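A look at the structure
Read off the chains here:
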Amino acid sequence: MSTLVPTEYCPVYSPFFGVMGATASIVFCCFGAAYGTAKSGVGLTSMGVLRPDLIIKGVVPIVMAGIIGIYGLVVSVLIGNGFQQRMALYSGFIQLGAGLSVGLAGMAAGFAVGIVGDAGVRASAQQPRLFTGMVLVLIFAEVLALYGLIVALILNTKASDAVC
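These numbers come from a predicted model, not from an experiment.

**Structural notes on the overall build of the chain**
- Secondary structure summary: the chain contains four helices and two strands in total.
- Mapped in sequence order, the helices and strands of the chain form the string β-α-α-α-α-β.
- The C-alpha atoms of the chain give a radius of gyration of 20 Å, which is well past the 15 Å a tight globule of 164 residues would have.
- Taking the principal axes of the C-alpha coordinates as reference, the chain spans close to 65 × 20 × 15 Å.
- Burial analysis of the chain (164 residues in total) assigns 41% to the buried set.

**Looking at the pattern of salt bridges**
- Tallied over the full model, the rule gives three salt bridges.
- Ionic pairing is found between K39 and D118, a salt bridge with its closest N-O pair at 3.6 Å. Of the two residues, K39 is situated in helix α1 (residues 14-50) and D118 in helix α3 (residues 89-126); the sequence distance between them amounts to 79 residues.
- For D118, a relative accessible area of 10% puts it in the buried group.
- The salt bridge partner of D53 is R51, with a shortest N-O separation of 3.3 Å.
- Its relative accessible area of 56% is what places D53 among the exposed residues.
- Under the relative-accessibility criterion, R51 is labelled partly exposed at 29%.
- If you follow the salt bridges from partner to partner, you end up with K39, D118 and R122 in one network.

**Focus: the UniProt feature "transmembrane region" (unreviewed entry) in the chain**
- The feature "transmembrane region" (unreviewed entry), as annotated in UniProt, sits at residues 12-38, 59-80, 92-117 and 129-155 in this numbering.
- As annotated, residues 59-80 has a helix share of 95% and a strand share of 0%, and its two end C-alpha atoms lie 32 Å apart.

**A closer look at the UniProt feature "domain: V-ATPase proteolipid subunit C-like" (unreviewed entry) in the chain**
- Under the UniProt annotation, the feature "domain: V-ATPase proteolipid subunit C-like" (unreviewed entry) is placed at residues 20-79 and 96-155.
- Between the C-alpha atoms that bound residues 20-79 there is a distance of 10 Å. The span itself is 85% helix and 0% strand.
- The distance separating the terminal C-alpha atoms of residues 96-155 is 10 Å; by composition the span is 95% helix and 0% strand.

**Observations regarding helix α4 (residues 130-159)**
- For α4, spanning 30 residues, the distance from its first C-alpha to its last is 45 Å, which sits close to the expected 44 Å at 1.5 Å a residue.
- Listed as buried for α4 are F131, M134, L138, A141, E142, A145, G148, L149, A152, N156 and A159.

**Description of the packing of helix α2 (residues 60-81) against α3**
- Where α2 meets α3, the axes come as close as 8 Å, and the angle between the chain directions of the two elements is 175°. Our classification of the angle between α2 and α3 gives roughly antiparallel. Across from P61, M64, A65, I68, Y71, V75 and I79 in α2, the residues of α3 making contact are Q95, A98, G99, V102, G106, A109, G110, V113, G117 and V121.
- Looking at the contact of α2 with α3 residue by residue, the class counts come to twelve nonpolar, five polar and no charged.

**Section: the packing of aromatic side chains**
- Enumeration over the complete set of coordinates arrives at five aromatic pairs.
- Arranged with centres 6.3 Å apart and planes meeting at 75°, the rings of Y13 and F17 form a pair that is edge-to-face.
- Taking relative accessible area as the criterion, Y13 reaches 47% and is therefore assigned partly exposed.
- Clustering of aromatic rings is evident, with ring pairs tying together Y13, F16, F17 and F93.

Here is what the cut-offs are and how they apply
- Residues numbered from 1 in each chain as written.
- Predicted model: local features only at pLDDT ≥ 70, side-chain atom pairs only at ≥ 80, totals over all residues.
- Heavy atoms only, no water.
- Helix = DSSP H or I, 4+ residues; strand = E, 2+ residues; numbered from the N terminus.
- Rg over C-alpha atoms; globule rule 2.2 N^0.38 Å.
- Buried < 20%, exposed > 50% of the residue type's maximum accessible area, 1.4 Å probe, protein only.
- Salt bridge = Lys/Arg side-chain N within 4 Å of Asp/Glu carboxyl O.
- UniProt positions renumbered as here; feature names shortened; annotations may be inferred.
- Expected span 1.5 Å × (residues − 1).
- Axes fitted to C-alpha atoms, helices over the stretch in contact; angles between N-to-C directions.
- Parallel < 35°, antiparallel > 145°, perpendicular 65-115°, else oblique.
- Contact = heavy atoms within 4.5 Å.
- Nonpolar A, V, L, I, M, F, W, Y, C, P; charged D, E, K, R; others polar.
- Phe/Tyr/Trp six-rings, centres within 6.5 Å; stacked < 30°, edge-to-face > 60°.

Here it is as structure tokens:
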């Protein structure tokens, strides 16, 4: 249900905050995904020198890091679909909050996936039984970004409630 907002709560700069939310979403998530991919990739190539037969198993952290970037893309697109020339300041702030929640959660998760992936791939090359433990820790790191995605989706549904 839309609520009609008085025009003094709809300044011309309101969409700026929504644009910054969409930007924060994709930039921070991709920053975390890039770090996770790079850090895990270094571990994979180091491990691949001695155990090239395990390279395909070692790609798991790199794939999980890439998924974090997709979370940011999804939220950026959803926020972008809600842009209007005249929008309530409330909506702009909600969109900013949604972008920051998924973006910063994705960046933190990407850092965790990268560090765990680097150490885990190298360790599982020496002791194959560590692979399952590494995947479990990677899942726990990845779910941090998923929490940010859920919060962003909930916030973004509230952004369109106010109409100027």
